[in-house]
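Examining the three-dimensional arrangement
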Amino acid sequence: FLDANTLNSYINCLDRWGAAQSANSAENLLEKMTNQEQFSGIKIPRGFKIPLPNAGTYNSVMALWALVGGSEGQNGVNDVYSSLEQQLASVRSDDECLVRPNIETFKTLLAVNSVVDGHFSLEQAKLWLDKIRQKSDIICGVTFVPDADVYNAALSLLP
């Protein structure tokens, strides 16, 4: 049985190839899942479609981009998040295919965007916490309340 969680597991295994190559491959699979296109790396039985992504799919791809580090990793994470926002904008709010970001999504955004020139930036962390609060209110309809886990996320990618 092939579902989004099965493909999320596949994406999580991609980090064995090298960060940038893995992140690119994972993002390609995410795009194929979003557009319901065949993916050359996975054989889909006749009569079945590749599954639509879920929040875990976006989080897995973002996590791989976060491993790349630097501005390339930051841009990759932000690009994947932007594609999630675009997906949200393109479907009706009552659509069952609607994928919303979750706490893991926001923690990854905070982690990669709180780093400037390889160092933690308190100003960037504050800026992104405010952005995440706004995004959570608008997109998820839930007030984002950071806890210790969220604050630690900002420091998690530092060497």
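For the structure itself, look to the data block above.
For clarity, every value in this text was computed on a predicted model and none was experimentally measured.

Bringing a nonpolar patch on the surface into the picture now. A cluster of nonpolar side chains, Phe120, Leu122 and Leu155, forms an exposed patch at the surface whose accessible area comes to about 250 Å². Here Phe120 lies in strand β2 (residues 119-120).

Time to look at the nonpolar core. In terms of nonpolar packing, the biggest core is built from 38 residues, with Leu109 and Leu110 touching the most fellow members. Among the secondary structure elements, those contributing two or more residues to this core are α1 (4-13), α2 (19-35), α3 (55-68), α4 (70-90), α5 (103-113) and α6 (122-140). Here this core takes seven residues from α3, the largest share from any one element. Leave out the neighbours within four places in its chain, and Leu110 touches Ala125, Trp128, Leu129, Ile132, Val150 and Ala154.

Here we take up the side chain of Asn59. Mapped onto the secondary structure, Asn59 falls in helix α3. With near-sequence residues (within four places) excluded, Asn59 lies in contact with Asn102, Glu104 and Thr105.

For the rest of this paragraph, the subject is the pattern of salt bridges. Taken as a whole, this structure holds five salt bridges when the rule is applied. Measuring nitrogen to oxygen at the nearest pair gives 3.0 Å for the salt bridge that ties Lys135 to Glu85. Of this pair, Lys135 sits in helix α6 while Glu85 sits in helix α4; the two residues are 50 residues apart in sequence, bridging distant segments of the chain. Judged by its relative accessible area of 19%, Lys135 is buried. Note that Lys107 and Glu104 form a salt bridge whose closest N and O atoms lie 3.3 Å from each other. You can see Lys107 and its partner Glu104 sitting in helix α5, three residues apart, about one turn around the helix. Classification of Lys107 by relative accessible area gives buried; the value is 14%. Given a relative accessible area of 38%, Glu104 falls into the partly exposed group. One network of salt bridges, in which partners are shared, links Glu104, Lys107 and Asp149.

To continue, consider the packing of aromatic side chains. Summed over the entire model, instances satisfying the criterion amount to one aromatic pair. Residues Phe106 and Phe144 carry aromatic rings whose centres are separated by 5.7 Å and whose planes lie at 75° to one another, so their mutual orientation is edge-to-face. Within this pair, whereas Phe106 is found in helix α5, its partner Phe144 is found in the loop between α6 and α7 (148-153), the two being separated by 38 residues in sequence. The pair Phe106 / Phe144 is uniform in exposure class, with both members buried. A cation over a ring is seen here: Lys131 above Trp128, with NZ or CZ 4.3 Å from the ring centre.

What counts, and at which threshold
- Residues numbered from 1 in each chain as written.
- Predicted model: local features only at pLDDT ≥ 70, side-chain atom pairs only at ≥ 80, totals over all residues.
- Heavy atoms only, no water.
- Patch = residues over 30% accessible without salt bridge, like charges linked within 9 Å, V, L, I, M, F, W, Y side chains within 5 Å.
- Areas by Shrake-Rupley, 256 points an atom, 1.4 Å probe, with all protein chains shown as cover.
- Salt bridge = Lys/Arg side-chain N within 4 Å of Asp/Glu carboxyl O.
- Helix = DSSP H or I, 4+ residues; strand = E, 2+ residues; numbered from the N terminus.
- Core = buried A, V, L, I, M, F, W, Y, C linked by side-chain atoms within 4.5 Å.
- Buried < 20%, exposed > 50% of the residue type's maximum accessible area, 1.4 Å probe, protein only.
- Contact = heavy atoms within 4.5 Å.
- Phe/Tyr/Trp six-rings, centres within 6.5 Å; stacked < 30°, edge-to-face > 60°.
- Lys NZ or Arg CZ within 6 Å of the ring centre and 35° of its normal.

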